[in-house]
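# Coordinate inspection notes
For reference, the chains in residue letters:
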Amino acid sequence: MKVLCAAVLAASLFIAGCAVPTRVPTANQSEISLWRGRLAVRVESDQPQSLAAGFELTGNALAGDLILYTPLGTTAAALSWSAHTALMRANGDVRHFDSLDALIKQALGTEIPVAALFAWLAGDHMAAEGWTADLSQHANGRITARRTTPAPLAELRLVLEP
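Source: prediction; values computed, not measured. Think of each chain on its own: its residues are numbered from 1, step by step along the sequence as written. Since the coordinates come from a predicted model, pLDDT governs what is reported: local features require at least 70, and pairs of side-chain atoms require 80 or more to be given and counted, while whole-chain, interface and lining totals use all residues. As a rule here, side-chain values come from all non-hydrogen atoms in the structure, and water together with hydrogens is ignored.

Our focus in this paragraph is the pattern of salt bridges. Salt bridges are defined by distance alone: a side-chain nitrogen of Lys or Arg within 4 Å of a carboxyl oxygen of Asp or Glu. In total, this model carries five salt bridges according to the counting rule given. Across the pair Arg 157 and Glu 155 runs a salt bridge, and its minimum N-O distance is 3.1 Å. Burial here depends on accessible area, computed with a 1.4 Å probe over protein chains only, as a share of the maximum for the residue type. Under 20% is buried, over 50% is exposed, and the range in between is partly exposed. Residue classification places Arg 157 among the partly exposed residues on the basis of a relative accessible area of 25%.

The helix count covers DSSP runs of H or I at least four residues long, the strand count covers runs of E at least two residues long, and both are numbered beginning at the N terminus. Within the secondary structure, Thr 144 is located in strand 9 (residues 142–147). By definition in these notes, contact holds between two residues if any of their heavy atoms fall within 4.5 Å. Other than its neighbours up to four places away in sequence, Thr 144 contacts Thr 132, Ala 133, Asp 134, Glu 155, Leu 156 and Arg 157.

Attention now moves to helix 3 (residues 114–121). Counting buried positions along helix 3 gives seven out of eight residues, so the element sits mostly inside the fold. Following helix 3 by one or two positions, Gly 123 adopts a phi angle in the positive range, close to 90 degrees.

This paragraph deals with the pairing of strand 4 (residues 64–69). Here strand 4 shows one buried face, formed by Gly 64, Leu 66 and Leu 68, and one open face, formed by Asp 65, Ile 67 and Tyr 69. Looking at chain direction, strand 3 (residues 49–59) and strand 4 are connected through six bridges and run antiparallel. Of the residues in strand 4, the one forming a bridge with Thr 58 is Asp 65. In this antiparallel pair of consecutive strands, strand 3 and strand 4, the connection spans four residues. When strand 4 meets strand 5 (residues 75–81), the two strands line up antiparallel, connected through six bridges. Residue pairing across strands places Ile 67 opposite Ala 78, the latter belonging to strand 5. Pairing between two strands is assigned when DSSP locates at least 2 bridges connecting them.

Set out below in structure tokens:
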């Protein structure tokens, strides 16, 4: 059953159309970016790890929120960060982290260059040490990034909702 769920989740990850970030007005009438879709993270370690989830991301590398959803649409984890906090809410618990990097590593199984991720979502080819981003399918709502250094190898795939 677990393999079937993983296969269905992986297949749905690759089914999406064109995507543009949604602009959501805030209380002060400024706009923030909102991205929704599916993500998959694979880490090629001694014990390979993988994660696939639905997501909703708002904010930027300085302050934001990332909600991860299970295949059934329930919230698996809610991450929030700002200049002063980095926390994760999951299973009724709230965990505080020393940094955004530590928070992301705990939630996704590996560090992800968050500033570069926001740039990639916007279609900008920002360099990130050890990472290579493929934005050739960005117009179709697909982003792939691979880390070659430091080990272990890691891959991040995003499919954005239209």
